[in-house]
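# Examination of the molecular architecture
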Amino acid sequence: MFDPKTVPDVIKMAAKKAVSDAETARRAISVLDLTSLNDDDTPEVIEALCKRAQTPAGNTAAVCVFSPFVETSWRALGQSGVKTATVVNFPEGGTNAQRVGDETADCVAKGADEVDLVLPYKAFLSGDLASVVDVLDATRTACGPMTTMKVILETGEFDDLSKIYDAARLAIKHGANFVKTSTGKVPVGATPESAVAMLTAIRDARDEDGAIAGFKASGGVKTTDDAVLYLAIADEIMGDGWATPQTFRFGASGVLTPLLETCGLDQNNAPAATGNY
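Computed from a predicted model, the values in this text were never measured in an experiment.

## Considering the sheet that holds strand S1 (residues 32-36)
Ordered by their spatial adjacency, eight strands build a closed barrel running S1-S4-S5-S6-S7-S8-S9-S10, and the pairing between neighbours is parallel. Across the sheet, the mean angle separating the axes of adjacent strands is 25° when strand polarity is ignored. Here five bridges tie strand S6 (residues 114-118) to strand S7 (residues 148-152), and the two strands are oriented parallel to one another. Residue Leu 117 lies in a different strand from S7, and its bridge partner there is Val 151. In this fold helix H10 (residues 224-238) packs onto strand S9 (214-218) and strand S10 (248-252), with an angle of close to 155° to the strand it touches most, S10.

## Thoughts on the packing of helix H1 (residues 7-17) against helix H9 (residues 192-209)
In a pair of packed helices, the angle between the axes and the distance between the axes together describe the arrangement. As a packed pair, H1 and H9 sit with axes 10 Å apart at the nearest point and diverge in direction by 105°. One element, H1, and the other, H9, form an angle in the roughly perpendicular class. Side by side, H1 and H9 meet where Val 7, Val 10 and Ile 11 of the first sit next to Pro 192, Glu 193 and Val 196 of the second. Looking at the contact of H1 with H9 residue by residue, the classes come out as five nonpolar, no polar and one charged.

## Considering the nonpolar core
Val 151, Leu 199, Phe 215, Trp 242, Phe 248 and Phe 250 are the most contacted members of the largest nonpolar core, which has 91 residues in total. Sorting elements by how many residues they give to this core places H10 first, with nine residues.

## Examining helix H4 (residues 70-77)
Listed as buried for H4 are Val 70, Ser 73 and Leu 77. Down the axis of H4, the sector holding all buried residues measures 65°, keeping them to one side. Contacts made by the buried residues of H4 are with helix H3 (43-52), strand S2 (54-55), strand S4 (62-65), strand S5 (83-88) and helix H5 (97-110).

## Concerning unusual backbone geometry
A cis amide bond links Phe 90 to the next residue, Pro 91, at an omega of -5°. Locating Pro 91 in the fold gives a position in the loop between S5 and H5. Although it is not a glycine, Asn 89 sits at a positive phi angle of roughly 55°. You will see that Glu 154, though not glycine, has its phi angle at about 60°, which is positive.

## Quick notes on the pairing of S4
Here S4 shows two buried faces, one formed by Ala 62 and Cys 64 and the other by Val 63 and Val 65. Pairing between S1 and S4: four bridges, direction parallel. If you follow Thr 35 over to S4, its bridge partner there is Cys 64. A crossover links S4 with its parallel partner S5, the connecting element being H4, and its sense is right-handed.

## What to know about the pairing of S10
Burial of S10 is extensive: five of the five residues sit out of reach of the surface. Burial along S10 is two-sided: the face carrying Phe 248, Phe 250 and Ala 252 and the face carrying Arg 249 and Gly 251 are both buried. Relative to S10, S1 is paired through three bridges, and the arrangement is parallel. Paired with Asp 33 across the bridge in S10 is Gly 251. Inspection of the sheet shows S9 paired to S10 by four bridges, in the parallel sense. Across the sheet, Lys 216 pairs through a bridge with Arg 249, a residue of S10. Note on the crossover from S9 through H10 to S10: the handedness is right-handed.

## Topic: the environment of Thr 72
Among the secondary structure elements, Thr 72 is positioned in helix H4. The residues touching Thr 72, leaving out its near neighbours within four places in the chain, are Pro 43, Ile 46 and Glu 47.

## A look at the packing of aromatic side chains
The final tally for this structure, using the stated rule, is six aromatic pairs. Each ring, one from Phe 66 and one from Phe 90, has its centre 5.9 Å from the other, and the planes form 70°; the classification is edge-to-face. Pair noted here: Phe 66 is in the loop between S4 and H4 and Phe 90 is in the loop between S5 and H5, with a separation of 24 residues, a long-range link. On the basis of relative accessible area, Phe 90 is assigned to the buried category, the value being 14%. Taking 5.0 Å as the distance between ring centres and 80° as the angle between the ring planes, the aromatic pair formed by Phe 248 and Phe 250 counts as edge-to-face. An aromatic cluster is present here, built from Phe 215, Tyr 230, Phe 248 and Phe 250 joined pairwise through their rings.

Criteria and thresholds
- Residues numbered from 1 in each chain as written.
- Predicted model: local features only at pLDDT ≥ 70, side-chain atom pairs only at ≥ 80, totals over all residues.
- Heavy atoms only, no water.
- Pairing = 2+ DSSP bridges.
- Helix = DSSP H or I, 4+ residues; strand = E, 2+ residues; numbered from the N terminus.
- Axes fitted to C-alpha atoms, helices over the stretch in contact; angles between N-to-C directions.
- Contact = heavy atoms within 4.5 Å.
- Parallel < 35°, antiparallel > 145°, perpendicular 65-115°, else oblique.
- Nonpolar A, V, L, I, M, F, W, Y, C, P; charged D, E, K, R; others polar.
- Core = buried A, V, L, I, M, F, W, Y, C linked by side-chain atoms within 4.5 Å.
- Buried < 20%, exposed > 50% of the residue type's maximum accessible area, 1.4 Å probe, protein only.
- Arc of directions from axis to C-beta.
- Right-handed = clockwise from strand over helix to strand, strands pointing away.
- Phe/Tyr/Trp six-rings, centres within 6.5 Å; stacked < 30°, edge-to-face > 60°.

And the structure:
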């Protein structure tokens, strides 16, 4: 059960345990979806992104690119083990389930390992749950059993943490393997408060329904301290060691350089960011 009044206490407890050291920075790199979702992306930009994803401190979990670059990504990544993620229904979160299902099927056919779906959050907030469920179900069907489905709630557009919790529970009920905070295209992205609401939903879905899902913080994760706090919140709610690439992700571009610096790598040798996600 989620009580918004407890959120500040959870964050305070997590902050006391958060340590920005090399070990935690390496852990953060291992769960990073290194992202470039810019209108001026090119194959060369995406190839550089894939190179950045393979770092001296370990590989990231995935790269996240627009669908025209899915094949470029998986070819560039080769046998690295880094997955290719893409986005659908992005960033508007429309309600045309047939269109979103077809878009998802196309991404899967191109070779995407993971699909990040924007929830029809405006429909959810207006109470049109039928349209939301239709899009979730169509995307889950198009993903099939092998492709990971992450659902972006766009939490910065919610005015109530309880609604974020409810949206996460609905997404998990309809097949989300992860619930994710933001597209990075609205003013407010991830916040510690929204993370608590979503991680509590993940915990309750596991305990009450036996459903297993992960969490992805995206939009505004820029520093080692940012990353460390979200990992600490996950540890506080889900237990130490829960946050692995199978259950936890960051969606970011710029955070990789400070994480590498925290690992003791010279900034001049750290790859440059490719965007502002």
